[in-house]
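Fold and geometry: a report
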Amino acid sequence: MNRLSRRLLSVPLLLSLALTGCGDSQGTTLRSAFLGELGEKTILPTYRDFDTRTGTLATALTELERTPTEATLATAQAAWRAVREPWGIQEALHIGPSEELHTGAAVDQVPSTSGIDTLLAGTAPLTEQNVAELGANRKGMMAMEYVLFDSQAGNAAVLERLTAQGDAGARRRAYLRALGAVLHTNAVEVHTAWEPDQGNYVAQLANAGTSGSKYATQKEAVDEIVNRLIGSVEVAELKLSKPLGFETGGTVRPEEEEARRSDNSLADLTHALVGMERLWTGPEGNGGLARVVAATNKNLDTTVREELAAVRSALESIPPPLRTALLQNRESVEAARAALSNLRATLASEVVANLGVTLKFNDNDGD
């Protein structure tokens, strides 16, 4: 059966085929192993890393406030980029505590540049507490990026603003220091919620379907995970289709590139792909959701692995930075978007059917 034929099969028929090939006891055991592995060996290490790296970033921003030089600016920028790695990886793993704590909104909101400029021009104290109480579009990593990077004018311009006379430079540095402290607090909260000796969400996930777990059934947990995976692929696709102008007639829209000030967009997409890969194949490449799917349909596992590899190859073929590739190598960006679209379609149809997942609407539907 070729791939097109499989796509045309109805979801109920695919579900029936899947259930026919996998007994309940086998499915329950495989899903239990998957959920335990996902929490303990994939999600928890990612949030531990996120916690550690945000602590390093907060320290670097404190040093930048105290001594604004080319060296301390470069150190802070490197620390910011380092945090983007675990943050990007967790995009596909963003379930449970991160949803309840609204970590995504607190950490990675599109910034209101006019709102930030107004804040910096004002006199309101820029303490950690005050910044923590700001709206999501004036804090988090992208607010930091706005003040910390300038891909057009370079670091000399950034440093000039950070050392401007009067209160202007001091307020920028104080704002960055407070943003770093708030971000680290956010990271500690979500990390500790997963730690076995603290919030222990690892056990909530591993014991899905048993008494005491947040998840009344294993299906409920798998549903949340698969929907999150599909949502993360869709978000990655949008991060290319929007600047490509797919939704506005094809004219490139550089202002829609998410991390254009730092030129970190391609790295962000690669980190997000790593999260998708770890969810599918497990941390060592021989487990994950793939093991559950392959028990009833090895060809489908192979298809998803091939499509993940195609996304990786396409992303690696885009000459950086993305802002110039959009104009000079548009076809390479379109190829990556198409690869993500193929992956999303397979997950949302064949994988959903194989696992009997209830597909839900997400925040991107209707965009």
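Residues numbered from 1 in each chain as written. Predicted model: local features only at pLDDT ≥ 70, side-chain atom pairs only at ≥ 80, totals over all residues. Heavy atoms only, no water.

Under an unreviewed UniProt entry, the name given to the chain is Iron-regulated protein A, and the organism recorded is Cystobacter fuscus. What UniProt records for the chain under Subcellular location (unreviewed entry) is the sentence "Cell envelope". (UniProt positions renumbered as here; feature names shortened; annotations may be inferred.)

Counting 99 residues, the largest nonpolar core has Tyr175, Leu205, Met276 and Trp280 as its most contacted members. The biggest single contributor to this core is helix α3 (residues 24-66), with 12 residues. Counting residues domain by domain, this core receives three or more from each of domain 1 (44-196) and domain 2 (217-362). If we ignore the near neighbours within four places in the chain, the residues touching Leu205 are Leu35, Leu38, Gly39, Ile43, Ile95, Trp194, Tyr215, Ala221 and Ile225. (Core = buried A, V, L, I, M, F, W, Y, C linked by side-chain atoms within 4.5 Å. Buried < 20%, exposed > 50% of the residue type's maximum accessible area, 1.4 Å probe, protein only. Helix = DSSP H or I, 4+ residues; strand = E, 2+ residues; numbered from the N terminus. Domains from an automatic or database assignment. Contact = heavy atoms within 4.5 Å.)

Looking now at the environment of Thr29. Within the element layout of this structure, Thr29 appears in helix α3. Judged by its relative accessible area of 54%, Thr29 is exposed.

Turning our attention to the domain arrangement of the chain. We note that the domain assignment places domain 1 (44-196) and domain 2 (217-362) within the chain. Computed from C-alpha coordinates alone, the two centres of domain 1 and domain 2 are separated by 26 Å. Facing 24 residues of domain 1, the contacting portion of domain 2 comprises 21 residues. For the domain 1 and domain 2 pair, buried surface summed over both sides reaches about 1900 Å², with 52% attributable to carbon and sulfur atoms. Applying the counting criterion to the domain 1 and domain 2 interface returns four salt bridges. Note that Glu145 and Arg261 form a salt bridge whose closest N and O atoms lie 4.0 Å from each other. At the surface where domain 1 touches domain 2, the tally comes to nine residue pairs in polar contact (both at pLDDT 80 or more). For the side of domain 1 that touches domain 2, the elements supplying multiple residues, two or more each, are α4 (70-89) and α9 (141-148). With six residues, α4 is the largest single contributor of residues to the side of domain 1 that touches domain 2. (Buried area = accessible area lost by both parts, 1.4 Å probe. Salt bridge = Lys/Arg side-chain N within 4 Å of Asp/Glu carboxyl O. Polar contact = N/O pair within 3.5 Å; in protein donor to acceptor, adjacent residues only side chain to side chain.)

Right, let's get into the pattern of salt bridges. Summed over all chains, the structure comprises 23 salt bridges. In this structure, Arg228 and Glu91 form a salt bridge, with 3.2 Å as the shortest nitrogen-oxygen distance. Separated by 137 residues along the polypeptide, Arg228 in helix α13 (residues 218-244) and Glu91 in the loop between α4 and α5 (97-100) bring together distant segments of the chain. Between Lys214 and Glu100 there is a salt bridge, and its shortest N-O distance comes to 3.3 Å.

Moving on: unusual backbone geometry. Phi is mostly negative for residues that are not glycine, and the peptide bonds are mostly trans. Cis geometry marks the peptide bond from Pro320 to Pro321, where omega comes out at -5°. Residue position: Pro321 is located in the loop between α16 (298-316) and α17 (322-328). The backbone of His102 shows a phi angle near 55°, a positive value even though the residue is not glycine. Phi angles above zero are rare outside glycine, and Asp263 is one such case at about 55°. Relative to the helices and strands, Asp263 is located in the loop between α13 and α14 (265-281). For Asp263, a relative accessible area of 28% gives the class partly exposed.

Structurally, Arg66 is set in helix α3. Owing to a relative accessible area of 57%, Arg66 belongs among the exposed residues under this scheme. Sequence separation between Arg66 and Arg177 is 111 residues, and the spatial gap between their C-alpha atoms is 9.6 Å. Looking at Arg66, its side chain comes within polar contact range of the side chain of Glu63, at 2.6 Å.

On to the confidence of the model for the chain. Summing up the model confidence of the chain, the mean pLDDT is 92 and the portion of residues at 70 or higher is 91%. The low-confidence segment residues 1-23 (pLDDT under 50) makes 27 contacts with residues lying over four places distant or belonging to another chain. (pLDDT = per-residue confidence, 0-100.)

Our focus in this paragraph is the packing of aromatic side chains. One pass over the structure, following the stated rule, counts five aromatic pairs. Relative to Trp194, the ring of Tyr47 lies with its centre 6.5 Å away and its plane at 25°, an arrangement referred to as stacked. Within this pair, whereas Tyr47 is found in helix α3, its partner Trp194 is found in helix α11 (residues 167-194), the two being separated by 147 residues in sequence. With respect to class, Tyr47 is no different from Trp194; both count as buried. Measuring from ring centre to ring centre gives 4.9 Å for Trp194 and Tyr201, while their planes differ by 70°; the resulting arrangement is edge-to-face. (Phe/Tyr/Trp six-rings, centres within 6.5 Å; stacked < 30°, edge-to-face > 60°.)

Turning to the packing of α4 against helix α10 (residues 155-162), a few remarks are in order. One way to put it is that α4 packs onto α10 with a least axis distance of 11 Å and a crossing angle of 105°. As summarised for this structure, α4 and α10 are arranged roughly perpendicular, according to the angle between their axes. Each of Glu70, Leu73 and Gln77 in α4 lies in contact with α10, whose residues at this interface are Asn155, Val158, Leu159 and Leu162. (Axes fitted to C-alpha atoms, helices over the stretch in contact; angles between N-to-C directions. Parallel < 35°, antiparallel > 145°, perpendicular 65-115°, else oblique.)

So, on to α4. Over its 20 residues, α4 extends 30 Å from the first C-alpha to the last, a length consistent with the 28 Å expected when each residue adds 1.5 Å. Among the residues of α4, Thr72, Leu73, Ala76, Gln77, Ala79, Trp80, Val83, Arg84, Pro86, Trp87, Gly88 and Ile89 are the ones counted as buried. (Expected span 1.5 Å × (residues − 1).)

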